[in-house]
Amino acid sequence: MVSTAPKGGAKLPDAEASVRLTVAQATIRFLANQYVERDGERTKFFAGCFGIFGHGNVAGLGQALLQDEIAASETGREPGLKYVLGRNEQAMVHSAVAYARQKDRLQAWAVTASVGPGSTNMLTGAALATINRLPVLLLPADTFATRVSAPVLQELELPASGDVTVNDAFKPLSRYFDRVWRPEQLPAALLGAMRVLTDSVETGAATVSIPQDVQAEAHDWPTSLFAERTWHVARPLPERSVIARAAEVIASAAKPLIIAGGGVKYSEAGATLRAFADAHDLPDLEDAQQLRLRATTRVALHDPVVGRGPFEPEVRVATGERHLGAGQRSPQVILDAQERRHALALLRAGDILTHAFRAHGNAFFDGTQFVPAVLAARRRGVIIDAE
């Protein structure tokens, strides 16, 4: 191994300017200066921070967010990281995930919660973000790194391992996880989280767990850490051989069908796909999350996708939330009366109409009796399921 350290005992002076901040203050200042750029358009990445404060984060991240707001008010500017009070930890993460989806993953939220059950309430939201590849930064509070006061209230007491906390449950649910035991570890953790959050393929929940005593620990940080940093969101091109093979398969198909997923939405290619489908008179399906592409010309419901165009699936299921017995989610598509009649007319003997007794949304039951189109479908042999 070749060392690049200077020879001799004298240490070279560090010429870079530094600023003294707590770990929590450094975290907020860093997040406030992160940007993304795609196709030449630059956007601030973090819209703000949801938070519920208690022991574990109130004296760290809570103080840092408050100080940022006070400084912004005194200088007549917007806070670097806007704070929004939450009432439920899981709901905060779900709101952040929904926001990221509506912003086509070009903007996200940070979410912080108190130590113990406050943080574990975010686990379901973390799984949602990771499974759907939607960016959210989770900042769960953690128990004391020094352990001088262990065990503390709401700490996981595991006699067989002293370094395990409830936040370890985030590891399998996060695309990125790190625990900051020392202030020196913070820059690498935050940069690692940003790398994942801004990667179209790897994105999901990024979790940076910060023990409550480390949050309040002061450290000298290089000022370059808080300079505006822009992360480029790439548009990787597929290999020509892959495109050629896809074209060959499509050309050989008697009834080709386009299935449009999240990539179409997040790359803003919906209009291009629709124009292509219309030009070639191709039916297209959108997956359960991409209702934006739904056409209004002809409605055919098929779990877990919604279709348009002259396409009749071999097995058709009109469903509200999930396929009967399959356990897969499908969209809650709201149909007006005309669309509902048309959808029912597509069903034939052996097809299944699920959630037929719902009182809202895709209601085929008006509270006292079935609508006539449902009765007609039943006479044709359509199976009416009440679940």
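In the block above lies the structure referred to throughout.
Read on for an overview of the structure. The structure displayed is predicted, hence computed values, not measured ones. (Residues numbered from 1 in each chain as written. Predicted model: local features only at pLDDT ≥ 70, side-chain atom pairs only at ≥ 80, totals over all residues. Heavy atoms only, no water.)

## Some thoughts on the pairing of strand S2 (residues 34-38)
Counted residue by residue, S2 has five buried out of five residues, so it is predominantly covered. Of the two faces of S2, the one carrying Gln34, Val36 and Arg38 and the one carrying Tyr35 and Glu37 are both buried. Where S2 and strand S11 (residues 229-232) come together, four bridges link them in parallel fashion. Bridged to Tyr35 within S11 is Thr230. The pairing of S2 with strand S3 (residues 41-44) spans four bridges and is classified as antiparallel. Counted as the bridge partner of Val36 is Thr43 from S3. Between S2 and the antiparallel strand that follows it, S3, lie two residues; Asp39 among them carries a positive phi value of about 55°. (Buried < 20%, exposed > 50% of the residue type's maximum accessible area, 1.4 Å probe, protein only. Helix = DSSP H or I, 4+ residues; strand = E, 2+ residues; numbered from the N terminus. Pairing = 2+ DSSP bridges.)

## Description of the packing of helix H3 (residues 89-102) against helix H5 (residues 123-131)
H5 packs onto H3 with a crossing angle of 20° between their chain directions and a minimal axis gap of 7 Å. Between H3 and H5, the angle is such that the two are roughly parallel. For the pair H3 and H5, the crossing hand works out as right-handed. In contact with Gln90, Val93, His94 and Val97 of H3, H5 contributes Thr124, Gly125, Ala126, Leu128 and Ala129. Residue classes in the contact of H3 with H5 are distributed as five nonpolar, four polar and no charged. (Axes fitted to C-alpha atoms, helices over the stretch in contact; angles between N-to-C directions. Parallel < 35°, antiparallel > 145°, perpendicular 65-115°, else oblique. Left-handed = near helix turned anticlockwise from the far one by under 90°. Contact = heavy atoms within 4.5 Å. Nonpolar A, V, L, I, M, F, W, Y, C, P; charged D, E, K, R; others polar.)

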